[in-house]
Amino acid sequence: MKYFLITLLGFLLMGASLDDARKANEAYNNGDYEKAISLYKKAINDNPENAKLYFNLGNALAKAGRSEAAIRTLEQFKAMVDDPKLDAKADYNIGNIYSNTKKWGKAVKSYKKSLRYIAKDPDAKHNFELAKQKEQQQKKKKKQQQQGNNQQNQKNRDQQNSQQNKNGQNKQNQQQQNPQQSGQNQQQNPQQQQQRNQMSKAEAEKILKALEQKEKELLKQFKKRNVESTPNANAKDW
């Protein structure tokens, strides 16, 4: 549904400001909202105390899609007037701006303000009920999204815990398997130790034999030298 703004307000102006205001109205009605904004601002410079120019400028800003500036300008208009009906028109337009941007909560508040001044306004009442319904739907959707996010977060935590438990079980299984491997190593170690002992004994015997042989050779050489160095007993003493 398109929320339509209350049409432009008429005003009594004089001189250049009146000409600018008329041209601004024409640009607005022709859909040239940027031109209308420029001309309304020019008219306001010439006649800054004319509140109705702010109302029309707010409408042009809203049509141009400049929602925040439009709301500020309409609030400025409300501060300048002391007429409940004009306040109601401004609040109604502000409610429509919020509705067009799907800010339903703020729209509801603005329509409610408008209805305080003109309780029997059928458009304001209709838009108020519709915005209230949209606000409830928006809250419900947001709640569902939050629940969905919570469920997804819980699912992620459960998966993480499951993976941690699985890793812990694997580690425990490895610890249980390691003693068996250690026992096998212990069973293999005596045999390996026996082999090493046997090798050491053989090597020792080999070394011992080599030493004995070396000792025999040295003894033999020593005896030979002694024999060669002893004088011949049968030699004649001259």
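Predicted model, so just to flag it, every value in this text is computed and none were measured. (Residues numbered from 1 in each chain as written. Predicted model: local features only at pLDDT ≥ 70, side-chain atom pairs only at ≥ 80, totals over all residues. Heavy atoms only, no water.)

Comments concerning the nonpolar core
Now for step 1: Membership of the largest hydrophobic core comes to 44 residues, with the highest contact counts inside it found for Y28, Y40, F77, I97 and Y111.
Now for step 2: Elements with a minimum of two residues in this core: α1 (15-29), α2 (33-46), α3 (51-63), α4 (67-80), α5 (84-100), α6 (104-117) and α7 (122-229).
Now for step 3: Residue contributions to this core peak at eight residues, all from α3.
Now for step 4: Beyond its immediate stretch of four places on either side in the chain, Y40 contacts L8, A21, A24, N25, Y28, L53, N56, L57 and A60. (Core = buried A, V, L, I, M, F, W, Y, C linked by side-chain atoms within 4.5 Å. Buried < 20%, exposed > 50% of the residue type's maximum accessible area, 1.4 Å probe, protein only. Helix = DSSP H or I, 4+ residues; strand = E, 2+ residues; numbered from the N terminus. Contact = heavy atoms within 4.5 Å.)

Side note on the packing of α2 against α3
Packed helices, taken two at a time, are described by their axes: the angle between them and the distance between them.
Now for step 1: The geometry of α2 relative to α3 is characterised by a closest axis approach of 9 Å and an angle of 160° between their N-to-C directions. By the angle class used here, α2 and α3 are roughly antiparallel. Crossing handedness for the pair α2 and α3: left-handed. Mapping the contact onto sequence places Y33, A36, I37, Y40, K41, A43 and I44 in α2 and L53, Y54, N56, L57, A60, L61 and K63 in α3.
Now for step 2: Along the lines of polarity and charge, the residues of the contact of α2 with α3 split into 11 nonpolar, one polar and two charged. (Axes fitted to C-alpha atoms, helices over the stretch in contact; angles between N-to-C directions. Parallel < 35°, antiparallel > 145°, perpendicular 65-115°, else oblique. Left-handed = near helix turned anticlockwise from the far one by under 90°. Nonpolar A, V, L, I, M, F, W, Y, C, P; charged D, E, K, R; others polar.)

Topic: the pattern of salt bridges
Now for step 1: Across all of its chains, the model carries five salt bridges by this definition.
Now for step 2: Where K23 meets D19, a salt bridge forms, and the shortest distance between an N and an O atom there is 3.3 Å. Here the residue K23 and the residue D19 both occupy positions in helix α1, the gap between them amounting to four residues, near one helical turn.
Now for step 3: Taking the relative accessible area as the measure of exposure, D19 reaches 38% and is therefore partly exposed.
Now for step 4: Of the charged contacts in the structure, one is a salt bridge between D91 and K78, with a shortest N-O distance of 2.7 Å. (Salt bridge = Lys/Arg side-chain N within 4 Å of Asp/Glu carboxyl O.)

Description of the side chain of N127
Now for step 1: The residue N127 is located in helix α7 in this model.
Now for step 2: Of note is the side chain of N127, whose polar atom sits 3.3 Å from the side chain of Y92. (Polar contact = N/O pair within 3.5 Å; in protein donor to acceptor, adjacent residues only side chain to side chain.)

A look at the packing of aromatic side chains
Now for step 1: Inspection of every chain in the model, using the stated rule, returns three aromatic pairs.
Now for step 2: Arranged with centres 6.0 Å apart and planes meeting at 55°, the rings of Y92 and Y111 form a pair that is tilted. Taken as a pair, Y92 in helix α5 and Y111 in helix α6 lie far apart in primary sequence, 19 residues in all. Comparing Y92 with Y111, the two get one shared label, buried. (Phe/Tyr/Trp six-rings, centres within 6.5 Å; stacked < 30°, edge-to-face > 60°.)

Describing α6
Now for step 1: With 14 residues, α6 should reach 20 Å at 1.5 Å per residue; the first-to-last C-alpha distance of 21 Å fits that figure.
Now for step 2: Within the sequence span of α6, burial applies to W104, A107, V108, S110, Y111, S114 and L115. (Expected span 1.5 Å × (residues − 1).)

Re the confidence of the model for the chain
Now for step 1: This prediction gives the chain a mean pLDDT of 82; 80% of its residues lie at or above 70.
Now for step 2: Confidence scores differ between elements of the chain, with α7 showing the lowest mean pLDDT of 76 and α4 the highest of 97.
Now for step 3: Contacts for the low-pLDDT stretch residues 232-238, under 50 throughout, to residues beyond four places or in other chains number zero contacts. (pLDDT = per-residue confidence, 0-100.)

Concerning the side chain of T73
Now for step 1: Take T73: it is sitting in helix α4.
Now for step 2: Relative accessible area serves as the criterion here: at 8%, T73 is assigned to the buried category.
Now for step 3: Of the polar contacts made by the side chain of T73, one reaches the backbone oxygen of A69; its length is 2.8 Å.
Now for step 4: Those residues in contact with T73 that lie beyond four places of it in its chain are Y54, L57, G58 and L61.

Overview of unusual backbone geometry
Now for step 1: A positive phi angle, close to 60°, is found at K102, a residue other than glycine.
Now for step 2: Turning to its location among the elements, K102 is positioned in the loop between α5 and α6.
Now for step 3: With a relative accessible area of 55%, K102 lands in the exposed category.

Side note on the environment of A24
Now for step 1: Here A24 is to be found in helix α1.
Now for step 2: For A24 and L53, which are 29 residues apart along the polypeptide, the C-alpha to C-alpha distance reads 9.9 Å.
Now for step 3: Apart from residues lying up to four places away in sequence, A24 is in contact with A36, L39 and Y40.

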